[in-house]
Structure formats: C-alpha cells, structure tokens
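Summary of the model geometry
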Amino acid sequence: VGVDPIAGCIGCGVCLKTGKCFREDGVNEFVEKAKTADGFVFGSPVHYASASGMITSFLDRAFYGKSALFQGKPVPALSAADVAEPPQLSIIEQIFYHQLHAGGIQPVLNQVHGNTPEEVKQDLEGMQTMRTLGNNMAWLLKCIEAGKAAGVSFPEREPAQKTNFIR
C-alpha cells in the first residue's frame, strides 16, 4: 500500500493520460487490483454528518476516468453510525452514485449502528443485514459468472450524453 495518506482528486487528468495518478497513496494499487476483481464493497462511518473525507477522496480518484473497471460488477454501499442517522443514507447515496455513473450494480443498501465493533455486534438487525448482503453478493457473483458461461454478456453501455443547461 502507498506511503502517503489518501489525498483528494485535483482533476489534473494525469491518470487519464498515463493510466495512474501521480500520487503514491494506495489508490493506484487498488485500481490495478480492480481490473481483475469481480465486485467491491465500499463503506464509511458517519463523520460529522457525512462520509469520511478519506472514502470521498478515494472514490473520486478510483472512479475518475476508470468507469470500465466497475461496469457490470456489484458495488454495494455500507454505512455505520452510533444511532440511526439521516446522514447514513446520504453516505450510501454518495457511494451509490459513484458506481451508478460507472455502470456498476447496486445489490442492496446496508447500514449498521454502533461506536465500536463490539457495539456494532449488538445491532442484531444490522448484523443480519450484513449477512444478507454477503449472501446476496455471493449469489449475484455466481449469477454473473453463470451468465457469462452461458454467453449472456452485460448490456452494452451507451456513449455518454452530456447536457449543459447553462447556455
């Protein structure tokens, strides 16, 4: 893993030209591994009413110009908080929109509650939700594999249409 903390994307486009970000903080390593991964699970605790800055920076850089790596792959979103908080849904949506724009598959929205791992384990409903996610991911990955083996390919993605309403 890289030596620097995860830094935000500055939109310089270096990764689009060279295939990797100029920063050395682990995102490039993830992107390399993403090329052969069947699916992903991204999550964040609630940090001051939103997703952590680290996951936001990570997702922005991991997805920027790399939609093909995530297309047709399940990418569920997770969130954790000490109580059921409205920001949990915004975190899940934030992760969801990254994969939505990349053409990923969102199997289910997931959240657990607790300040510590021990407290999270006491959230029986949340733990059940996570087990269900694991089962759904395993099933979905098997379905995708069976579909590929049967010659069923993921739907072809239409070219992006950009609309600018500011004229």
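Heads up: these notes are all about the structure in this document. (Residues numbered from 1 in each chain as written. Predicted model: local features only at pLDDT ≥ 70, side-chain atom pairs only at ≥ 80, totals over all residues. Heavy atoms only, no water.)

**Details of the packing of aromatic side chains**
All chains considered together, the criterion is met by nine aromatic pairs. Considering the side-chain rings of Phe30 and Phe70, the 6.4 Å spacing of their centres and the 25° angle between planes classify their relative orientation as stacked. One end of the pair, Phe30, is in helix 2 (residues 27-34); the other, Phe70, is in the loop between helix 3 (53-63) and strand 2 (77-81), with 40 residues separating them in the sequence. Each member of the pair, Phe30 as well as Phe70, carries the same accessibility label: buried. Summarising the aromatic geometry, the rings of Phe63 and Phe70 are spaced 3.9 Å apart at their centres and angled 10° between planes, so their arrangement reads as stacked. (Phe/Tyr/Trp six-rings, centres within 6.5 Å; stacked < 30°, edge-to-face > 60°. Helix = DSSP H or I, 4+ residues; strand = E, 2+ residues; numbered from the N terminus. Buried < 20%, exposed > 50% of the residue type's maximum accessible area, 1.4 Å probe, protein only.)

**Focus on helix 6 (residues 124-149)**
Taking 1.5 Å per residue as the helical rise, helix 6 with its 26 residues ought to reach 38 Å, and the 37 Å between its terminal C-alpha atoms agrees with that figure. Considered for burial, the residues of helix 6 that qualify are Gly126, Leu133, Met137, Leu140 and Gly147. Directly beyond the C-terminal end of helix 6, a positive phi value near 85° is found at Gly151. (Expected span 1.5 Å × (residues − 1).)

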